[in-house]
Amino acid sequence: MTPAPTGPATPATLVVGATGTTGRRVTAGLLAEGRRVKAAARTATPHPGAQSVRFDWNEPATWADALDGVDRAYLVPPTGSPDPASVMLPFLHRARAAGLRRAVLLSSSAIPAGGPAVGRVHEELPRLFGQWAVLRPSWFMQNFAGSAPHARTIREDGTILTATGDGRVGFIDAEDIAAVAVRCLTGEDAPDTDLVLTGPEALSYADAATVITEVTGRPVVHRQLTFEQLRDRWAAATPLEFATMLARMDRAIADGAEDRTSDTVERLTGRPPGTLRSFVEREMRAAASR
């Protein structure tokens, strides 16, 4: 793709959540294509090559600066909110009035249009913008690494704790999610649909534990929790309503809701999605050796 011309008159792309798992990768991908980027986060963390702006979904006073001079946006919902629509929809109405014409929303494979949490934003998006996409990725491979909850229990006692039973998931690398987002933001036409994103294979958490064990050499097992145990575990760190929703997602996995793969990553980016094994080799084995 030929890089877009840059300059004061060239509209920028707003990346909300630019310090997050997908946002920082989307920012990097856009910059690599020569796009102007406004990198928005609760603290205006510097991003080389991008204009950093402070943005908080819960502080409307931060919205105007973020929207100034942009015509498209990548939207990451507020973390841990059971009702993101209450703050996102007022922002999106203001964004449309300010000239935003394309919106790419990060949602979840587990949440359809009109469903709970960000599902209501998904439902409204095509009514607000003529160009749009909703990314509905499966569970992130990054949940096994860094500071994510699964990563902590893997490090502390070699366990992965879920209520998923033998249910399988098409785990996906955030690098692939970001690559799709960049295509949706920069393509001549937006997809104007929702896109279910998965990795190349559906695996149980026991399968994931086996892969991690084989690659890192550290024994890891999957430990099954009840719905109530998992809900209470999440509730120690998040509101009960949100914790209950997360536990229900695990129960849905146990019932087979996420046992699927899609060709979306390869269809939109021209390359196959990465495997869990390649992710563990890249991220977890390197971390374990440090």
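Going by the structure above, here's the rest.
Treat the numbers as computed from the prediction; the structure is a model and nothing was measured.

> Requested: an account of the side chain of His-122, with residues and values cited.
With respect to the secondary-structure elements, His-122 resides in helix H4 (residues 119–128). The class for His-122 is buried, based on a relative accessible area of 5%. Here the side chain of His-122 touches Ala-113 through a polar contact of 3.5 Å, landing on its backbone nitrogen. Excluding residues that lie within four positions of it along the chain, His-122 makes contacts with Leu-105, Ile-111, Pro-112, Ala-113, Val-134, Arg-136 and Asp-194.

> A description of helix H1 (residues 23–32) should follow, citing residues and the corresponding values.
Three or more residues of H1 are buried, namely Gly-23, Arg-25, Val-26, Thr-27 and Leu-30. Where H1 terminates, the next one or two residues include Gly-34, which has phi positive at roughly 80 degrees.

> Outline the packing of aromatic side chains, listing residues and values.
Applying the stated criterion across every chain, the model contains seven aromatic pairs. For the pair Phe-55 and Phe-91, a centre-to-centre distance of 5.2 Å together with 75 degrees between the ring planes defines the contact as edge-to-face. Of this pair, Phe-55 sits in the loop between strand S3 (51–54) and helix H2 (63–67) while Phe-91 sits in helix H3 (residues 85–98), and the two are 36 residues apart along the sequence. By relative accessible area, Phe-55 is classed as buried at 3%. Overall, the relative accessible area of 0% leaves Phe-91 in the buried class. Aromatic side chains Trp-63 and Phe-91 sit 5.4 Å apart centroid to centroid with 85 degrees between the ring planes, which places their arrangement in the edge-to-face category. Of this pair, Trp-63 sits in helix H2 while Phe-91 sits in helix H3; the two residues are 28 residues apart in sequence, bridging distant segments of the chain.

> How would you sum up unusual backbone geometry? Please name residues and give values.
Unusually for a residue other than glycine, Ala-117 sits at a positive phi of about 55 degrees. Mapped onto the fold, Ala-117 is located in the loop between strand S5 (102–106) and H4. Residue classification places Ala-117 among the buried positions, given a relative accessible area of 14%. If you check the backbone angles, Asp-192 has positive phi at about 55 degrees while not being a glycine.

> Pulling in residues and values, what's your account of the nonpolar core?
Of all hydrophobic cores here, the largest spans 57 residues; its most connected members are Leu-14, Leu-75, Phe-91, Leu-92, Phe-144, Phe-171 and Leu-276. Counting residues per element, this core draws most heavily on H3, which supplies seven residues. Residues Val-15, Ala-50, Ile-177 and Val-265 belong to the second largest nonpolar core, which totals 25 residues.

> Can you break down the packing of H3 against H4 residue by residue, with the values?
Between H3 and H4, whose axes approach to 10 Å, the crossing angle comes to 10 degrees. Classed by the angle they form, the pair H3 and H4 counts as roughly parallel. Where H3 abuts H4, its residues Ala-85, Ser-86, Met-88, Leu-89, Leu-92, His-93 and Arg-96 lie against Arg-120, Val-121, Glu-124, Leu-125, Arg-127 and Leu-128. A breakdown of the residues in the contact of H3 with H4 according to their chemical character gives seven nonpolar, two polar and four charged.

> I'd like to hear about the sheet that holds strand S9 (residues 193–197), residue by residue, with values.
Taken together, the seven strands give an open sheet; going across it, the order is S3-S2-S1-S4-S5-S6-S9, and neighbouring strands pair in parallel fashion. The two strands at the open ends of the sheet, each matched to only one other strand, are S3 and S9. Strand-to-strand, the axes of this sheet are offset by a mean angle of 20 degrees, without reference to chain direction. Both strand S4 (residues 70–75) and S5 contribute to a ladder of four bridges, which runs parallel. Paired with Arg-72 across the bridge in S5 is Arg-102. Strand contacts of H1: strand S1 (12–16), strand S2 (37–41) and S4, with the helix running at about 165 degrees to S1, the strand carrying the most contacts.

> I'd like to hear about the pattern of salt bridges, residue by residue, with values.
The final tally for this structure, using the stated rule, is 16 salt bridges. Close ionic contact of Arg-72 with Asp-71 constitutes a salt bridge, the shortest N to O distance being 3.1 Å. Judged by its relative accessible area of 9%, Arg-72 is buried. Note on Asp-71: relative accessible area 11%, which makes it buried. Taken together, the shared-partner salt bridges connect Asp-71, Arg-72 and Arg-101 into one network.

> Lay out H4 with the relevant residues and their values.
Given 3.6 residues to a turn, an α-helix orients residues that are three or four positions apart in the same direction. Every buried residue belonging to H4 is among Gly-119, Val-121, His-122, Leu-125 and Leu-128, and all of these are buried. Those residues of H4 that are buried are in contact with H3, S5, strand S6 (131–137) and S9.

> Help me get a handle on the environment of Leu-105, residues and values and all.
Relative to the assigned elements, Leu-105 resides in strand S5. In sequence terms Leu-105 and Gln-131 are 26 residues apart; their C-alpha atoms lie 11 Å from each other. Excluding anything up to four places from it in sequence, Leu-105 contacts Leu-75, Pro-77, Met-88, Val-118, Val-121, His-122, Leu-125, Ala-133, Val-134 and Leu-135.

Reading guide: rules and limits
Residues numbered from 1 in each chain as written. Predicted model: local features only at pLDDT ≥ 70, side-chain atom pairs only at ≥ 80, totals over all residues. Heavy atoms only, no water. Helix = DSSP H or I, 4+ residues; strand = E, 2+ residues; numbered from the N terminus. Buried < 20%, exposed > 50% of the residue type's maximum accessible area, 1.4 Å probe, protein only. Polar contact = N/O pair within 3.5 Å; in protein donor to acceptor, adjacent residues only side chain to side chain. Contact = heavy atoms within 4.5 Å. Phe/Tyr/Trp six-rings, centres within 6.5 Å; stacked < 30°, edge-to-face > 60°. Core = buried A, V, L, I, M, F, W, Y, C linked by side-chain atoms within 4.5 Å. Axes fitted to C-alpha atoms, helices over the stretch in contact; angles between N-to-C directions. Parallel < 35°, antiparallel > 145°, perpendicular 65-115°, else oblique. Nonpolar A, V, L, I, M, F, W, Y, C, P; charged D, E, K, R; others polar. Pairing = 2+ DSSP bridges. Salt bridge = Lys/Arg side-chain N within 4 Å of Asp/Glu carboxyl O.

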